[in-house]
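An overview of the molecular structure
Given next are the chains, with one letter for each unit.
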Amino acid sequence: MILLTGGLGYLGSHMAAQIIEQGHEVVLVDNLSNSQIAVLDRLSKLTGRVIPFVQIDVRDKAALQQVFSQYPITQVVHFAGSKSVNESIQQPLDYYDNNVNGLISLLYVMKEAQVKTIVFSSTAAIYGEPEALPISESARQAPITPYGRSKQICEQVLQDLAHAEKGWKIAVLRYFNPAGAHQSGIIGEVPNGIPNNLVPYIAQVARDERPFLQVFGNDYNT
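Parameters at a glance
Residues numbered from 1 in each chain as written. Predicted model: local features only at pLDDT ≥ 70, side-chain atom pairs only at ≥ 80, totals over all residues. Heavy atoms only, no water. Helix = DSSP H or I, 4+ residues; strand = E, 2+ residues; numbered from the N terminus. Rg over C-alpha atoms; globule rule 2.2 N^0.38 Å. Buried < 20%, exposed > 50% of the residue type's maximum accessible area, 1.4 Å probe, protein only. Contact = heavy atoms within 4.5 Å. Lys, Arg positive; Asp, Glu negative; His and termini not counted. Charge placed at Lys NZ, Arg CZ, Asp CG, Glu CD. Pairing = 2+ DSSP bridges. Axes fitted to C-alpha atoms, helices over the stretch in contact; angles between N-to-C directions. Expected span 1.5 Å × (residues − 1). Polar contact = N/O pair within 3.5 Å; in protein donor to acceptor, adjacent residues only side chain to side chain. Core = buried A, V, L, I, M, F, W, Y, C linked by side-chain atoms within 4.5 Å.

**Let's talk about the overall build of the protein**
The number of helices and strands found in the protein is seven helices and six strands. For 222 residues, the compact-globule estimate of 2.2 N^0.38 gives 17 Å, and the protein sits close to it at 18 Å. Its C-alpha atoms give the protein principal-axis dimensions of roughly 55 × 40 × 30 Å. Buried positions account for 40% of the 222 residues belonging to the protein. When contacts within the protein are restricted to residue pairs at least 6 apart in sequence, long-range pairs at least 24 apart make up 67% of them. Averaging the positions of the 16 positive and the 20 negative side-chain charges in the protein gives two centres separated by 5 Å.

**Remarks on the sheet that holds strand β6 (residues 169-173)**
Reading across from one edge, β3-β2-β1-β4-β5-β6 is the order of the six strands in this open sheet, with parallel pairing throughout. Among the strands making up the open sheet, the edge pair consists of β3 (53-55) and β6. Ignoring which end each strand starts from, the neighbouring axes of this sheet average 15 degrees apart. Relative to strand β4 (residues 75-78), strand β1 (residues 2-5) runs parallel, the two being bridged by four bridges. Residue pairing in the sheet places leucine 4 in a bridge with valine 77 of β4.

**A short note on the pairing of β4**
Judged from the three bridges that link them, β4 and strand β5 (residues 117-121) form a sheet pairing that is parallel. Pairing of histidine 78 across the sheet is with phenylalanine 120, part of β5.

**Points about helix α1 (residues 10-21)**
Helix length check: α1 (twelve residues) gives 17 Å between terminal C-alpha atoms against 16 Å at 1.5 Å per residue, within 8%. Those residues of α1 lying buried are Tyr10, Gly12, Ser13, His14, Ala16, Ala17, Ile19 and Ile20. Where α1 is buried, its residues meet β1, β2 (26-30) and α2 (38-47).

**Some thoughts on the side chain of aspartate 57**
Summarising the element assignment, aspartate 57 is placed in the loop between β3 and α3 (61-70). A polar contact of 2.8 Å, which involves the side chain of aspartate 57, links it to the side chain of arginine 59. If we skip the residues at most four places from it in the chain, aspartate 57 touches Asn31 and Asn98.

**Examining the nonpolar core**
Grouped together as the largest cluster of nonpolar side chains are 26 residues, with contacts concentrated most on Leu3, Phe68, Ile73, Val76 and Met110. Those elements giving two or more residues to this core turn out to be β2, α3, α5 (92-112), β5 and α6 (146-164). Considering each element in turn, this core owes the most residues, six residues, to α5. Those residues in contact with valine 76 that lie beyond four places of it in its chain are Leu3, Phe68, Leu106, Met110, Val115, Thr117, Ile118 and Val119. Among the nonpolar cores identified, the runner-up in size contains 17 residues, and Leu8, Val39, Phe53 and Ile187 belong to it.

Interpretation note: all reported values are geometric properties and have no functional meaning in isolation.
Next comes the structure, spelled out in structure tokens:
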């Protein structure tokens, strides 16, 4: 069984649908800080399955240990992280706490349960302002925001753990701003509050939930 953290968020919910479609069992955890419980019903409708879900914060080790005790987890996909660049500049402590401490808490519980396979959701923000395009995986890392730096620290934690202890299988996903929705239209990006990404903001303007889209600057080749 796969533990999917942040399982009711935008990326987590789409990953859950894909995992189930491929025949795997999954248990979702989410603290609902930037997601909605209604997504669970939508996932059940989409997959035709009752999907186990536990509302916890991954920084709560005791609650997380209970999930590992209750379910036969063998692998983890970790999407439970804060992701707004602007918000991270305003609230750096919250971002380091949630992203870095959340991962460390999860790794401690995984280690206790002898579960050593994890896919970590990182970001291309670790590269900062790119020196060349397209960006290669080996490009120089120079994050310019607390969000990017928090993810870079997480990657270093995973690297150090893999070097220190045998048996860990770790994959790191680095990507830019994902957009779109499931082809069924049943699930998509449903952020809480004002979206921090362009596409969901445009969608809310199209639905008359917001009056207009602001464009900052006039020197872009668009």
